[in-house]
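# Residue-level structural notes
Residues per chain are reported as follows:
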Amino acid sequence: MSTTSAVSAALIKDGTPSSAAATAKRAARRRTALVWAGRIGLAAFVIGGWQSFTTWGIVDPFFFGQPSGIAKRLVDLFQHGTEFGSFYSNIWTTIQEALAGFALGAVAGVIFGVALGQSRFLADVLGPYIKVVNAIPRIVLGSIFIVAFGIGVLPKILLAAVLVFFIVFFNAFQGVREVDRNILANAKVLGASQAQIIRHVTVPSALTWIIASLHSAFGFAIVGALVGEVLGAQSGLGLVIKTAQNQFDPNGVFATMLVISVIVLGAEWLISKLEHRLLSWRPPAPTEANSL
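Residues numbered from 1 in each chain as written. Predicted model: local features only at pLDDT ≥ 70, side-chain atom pairs only at ≥ 80, totals over all residues. Heavy atoms only, no water.

## Comments concerning the pattern of salt bridges
Enumeration over the complete set of coordinates arrives at two salt bridges. The salt bridge involving Asp249 is made with Arg73; its shortest N-O contact spans 2.8 Å. In this pair, Asp249 is assigned in the loop between α11 (237–246) and α12 (250–278) and Arg73 in helix α4 (residues 67–80), connecting sequence segments 176 residues apart. We classify Asp249 as buried; its relative accessible area is 16%. Residues joined in a network through salt bridges with shared partners are Arg73, Asp76 and Asp249. (Salt bridge = Lys/Arg side-chain N within 4 Å of Asp/Glu carboxyl O. Helix = DSSP H or I, 4+ residues; strand = E, 2+ residues; numbered from the N terminus. Buried < 20%, exposed > 50% of the residue type's maximum accessible area, 1.4 Å probe, protein only.)

Set out below in structure tokens:
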């Protein structure tokens, strides 16, 4: 024990461990700087090329807009609003619809995915019906919801929920099927009830699959809300896009799309924080997917 302590003290005194840690930190900072430089460079290249091509007449700004026009249109939308109210209220309408549809679809997807993953009988009975509903084009469902419930908020929430449901359901279902059968058998031998097995074994094991589905699910929730607003609405970003399209205003379309992108990126950041919190027990895996 004293020999080990002496070696450790010598290493620390010599500076080897600290220098290795410092080298690793410098490498991490260098990589982060390079990543951000590449991102900013790519954005500058695309935006600069777009602006240059439209200025030189190579690309017609009447059809494709231009970055400077998009920036001006974005400022105008925030300052003067739209004919359907302030731009902020339209943003909030779409966010409300997407959040409600996301929550409804995610909860239903987890419940049905876990239930059918646990019961082969339920999976055999309900499986064909789920596949039939999943095969229906979403725009058709949106039209049905609007005919049934009007042009209020409810049809957009339902359409967003349907889009989210199938993503989360199939991931939860597969996650439950992938649970180690030896762990389940051991839990039963130790006297765990079915509810305890679901709570302490099945759901935690499938949580990686479920959380992974949420990253793309919120984007689909936004899509569902926007499609519903395009089909029929009194406010919302989808209606703003539809109006800009009808008025041949590509800058207005791209400006609204930019706002939607910011919203989705913000939601993605929050979901990543949730993932790190819920899956803190999982050993880190340095994969390419985690580095994006």
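Now that the structure has been shown, the text picks up again.
## A closer look at the confidence of the model for the protein
Model confidence for the protein is summarised by a mean pLDDT of 84, while 89% of its residues fall at 70 or above. Note that residues 1–14 has pLDDT below 50 and, in this model, three contacts with residues that lie over four places away or in other chains. For residues 286–292, every residue scores under 50 in pLDDT, and the model assigns this stretch two contacts once sequence neighbours within four places are set aside. (pLDDT = per-residue confidence, 0-100. Contact = heavy atoms within 4.5 Å.)

## A few points about the packing of aromatic side chains
If you walk through the whole model with that rule in mind, you get 13 aromatic pairs. For the pair Phe53 and Trp56, a centre-to-centre distance of 6.4 Å together with 50° between the ring planes defines the contact as tilted. Here Phe53 and its partner Trp56 are both found in helix α2 (residues 16–56), three residues apart, which amounts to about one turn of the helix. Taking relative accessible area as the criterion, Phe53 reaches 39% and is therefore assigned partly exposed. The exposed category is assigned to Trp56, whose relative accessible area is 62%. Consider the rings of Phe62 and Phe248, whose centres lie 6.3 Å apart with planes at 20°: the pair is stacked. With Phe62 in helix α3 (residues 61–64) and Phe248 in the loop between α11 and α12, this residue pair connects regions lying 186 residues apart in the sequence. Residue placement shows Arg39 over the ring face of Trp36; its charged tip is 5.0 Å from the ring centre. (Phe/Tyr/Trp six-rings, centres within 6.5 Å; stacked < 30°, edge-to-face > 60°. Lys NZ or Arg CZ within 6 Å of the ring centre and 35° of its normal.)

## Digging into a positive patch on the surface
Among the surface-exposed residues, Lys25, Arg26, Arg29 and Arg30 lie close enough to one another that they form a single positively charged patch. For Arg26, the position within the fold is in helix α2. Residue Arg26 is classed as partly exposed on the basis of its relative accessible area, which comes to 43%. (Patch = residues over 30% accessible without salt bridge, like charges linked within 9 Å, V, L, I, M, F, W, Y side chains within 5 Å. Areas by Shrake-Rupley, 256 points an atom, 1.4 Å probe, with all protein chains shown as cover. Lys, Arg positive; Asp, Glu negative; His and termini not counted. Charge placed at Lys NZ, Arg CZ, Asp CG, Glu CD.)

## Brief notes about the side chain of Thr54
Structurally, Thr54 can be placed in helix α2. Taking relative accessible area as the criterion, Thr54 reaches 5% and is therefore assigned buried. Among the polar contacts listed, one links the side chain of Thr54 to the backbone oxygen of Gln51, at a separation of 2.9 Å. Residue contacts for Thr54: discarding those within four places in its chain leaves Val59, Pro61, Gly65 and Gln66. (Polar contact = N/O pair within 3.5 Å; in protein donor to acceptor, adjacent residues only side chain to side chain.)

## Regarding the layout of surface pockets
If you add up the space inside the second largest pocket, you get close to 170 Å³. Along the walls of the second largest pocket sit Gly117, Gln118, Arg120, Val176, Arg177, Arg181, Leu184, Lys188, Gln194, Ile197 and Thr202, which together make up its complete lining. Elements with a contribution of two residues or more to the lining of the second largest pocket: α5 (87–118), α8 (154–177), α9 (181–189) and α10 (194–231). (1 Å grid on protein atoms, 1.4 Å probe; cavity = no way out; pocket = protein on both sides within 12 Å on 5 of 7 lines; lining within 4 Å. Points joined across faces, edges and corners; volume = space filled by probe spheres on them.)

## Digging into the side chain of Glu97
With respect to the helices, strands and loops of the structure, Glu97 is situated in helix α5. Despite its burial, Glu97 pairs with no opposite charge; the closest candidate is Lys156, at 5.3 Å N-O. Leave out the neighbours within four places in its chain, and Glu97 touches Val153, Lys156, Ile157, Ala160, Ala225 and Glu229.

## What to know about the packing of α5 against helix α6 (residues 120–135)
α6 packs onto α5 with a crossing angle of 130° between their chain directions and a minimal axis gap of 6 Å. Between α5 and α6, the angle is such that the two are oblique. Packed against α5, whose contacting residues are Ala115, Leu116 and Gln118, the element α6 presents Arg120, Leu122, Ala123, Leu126 and Ile130 at the interface. Split into classes, the residues belonging to the contact of α5 with α6 amount to six nonpolar, one polar and one charged. (Axes fitted to C-alpha atoms, helices over the stretch in contact; angles between N-to-C directions. Parallel < 35°, antiparallel > 145°, perpendicular 65-115°, else oblique. Nonpolar A, V, L, I, M, F, W, Y, C, P; charged D, E, K, R; others polar.)

## Points about α11
Where burial is concerned, most of α11 is hidden: seven out of the 10 residues are buried. Among all positions in α11, only Leu237, Gly238, Leu239, Val240, Ile241, Thr243 and Ala244 are buried. Looking at the buried positions of α11, the neighbouring elements they touch are α5, α10 and α12. Looking one or two residues past α11, Phe248 carries a phi angle of roughly 55°, positive in sign.

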